[in-house]
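Results of the structural survey
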Amino acid sequence: MIRQKGKKLALAAVTVELAVVSPVMFAMLFGIIEFGWLFTVRHTMVNAAREGARVGAIQGTDASDVEARVIELLAPMGLEDKVTIAITEATTDEPNVSVLLTVPQANVSLVGNFFGFEQGTISAFASMRREGM
């Protein structure tokens, strides 16, 4: 009989410990997943901005070609409608083609505002000199 009582107390202790530790453990797990996702989004945006600037640096291309390439690279992640694209075309005074991508963190967050991403933005910028200028 004493043995049975000890097992019940041990089970109760384990249950209480699980109840105390679980929220912290899940917050850490979701935090790791969330920050990993945000880093992936930023990496995708940096790559898209770089590729857009590369396309814009080629003679005979214009802003629509740059935008099409950027959207093509953002589409697999589902970011094409969420990201703001700003393209600065090359002129004789400024021979660089620039691509700036921005998105509010709240628009790409997996867990909403749980970690306080109400006001932050993720941005990526690339600039390249147009060929022949």
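Up top is the structure.
Residues numbered from 1 in each chain as written. Predicted model: local features only at pLDDT ≥ 70, side-chain atom pairs only at ≥ 80, totals over all residues. Heavy atoms only, no water.

Attention now goes to the sheet that holds strand β3 (residues 121-129). Two orientations exist for strands paired in a sheet by backbone hydrogen bonds: parallel and antiparallel. Read from one edge to the other, the open sheet built from 3 strands follows the order β1-β2-β3, with strand pairing classed as antiparallel. In this open sheet, the two edge strands, each paired with only one partner strand, are β1 (84-88) and β3. Across this sheet, the average inter-strand angle for adjacent strands is 10°, counted without regard to direction. Pairing geometry for β1 and strand β2 (residues 96-104), over 5 bridges, is antiparallel. Residue pairing in the sheet places I85 in a bridge with L101 of β2. Contacts from helix α2 (residues 63-74) reach β1 and β2, with the element oriented near 145° to β1. (Pairing = 2+ DSSP bridges. Helix = DSSP H or I, 4+ residues; strand = E, 2+ residues; numbered from the N terminus. Axes fitted to C-alpha atoms, helices over the stretch in contact; angles between N-to-C directions. Contact = heavy atoms within 4.5 Å.)

All chains considered together, the criterion is met by 1 aromatic pair. An angle of 25° between the planes, with centres 6.4 Å apart, marks the rings of F26 and F30 as stacked. Note that F26 and F30 are positioned in helix α1 (residues 2-56) at a spacing of 4 residues, about one turn of the helix. Residue F30 is classed as partly exposed on the basis of its relative accessible area, which comes to 42%. (Phe/Tyr/Trp six-rings, centres within 6.5 Å; stacked < 30°, edge-to-face > 60°. Buried < 20%, exposed > 50% of the residue type's maximum accessible area, 1.4 Å probe, protein only.)

One finds M45 and L101 to be the most contacted residues of the largest nonpolar core, which totals 18 residues. Within the residue set of this core, elements represented by two or more residues are α1, α2, β2 and β3. For this core, the leading source of residues is α1, giving 6 residues. Those residues in contact with L101 that sit more than four places away from it in its chain are M45, A48, A49, V70, V83, T84, I85, I122, S123 and A124. (Core = buried A, V, L, I, M, F, W, Y, C linked by side-chain atoms within 4.5 Å.)

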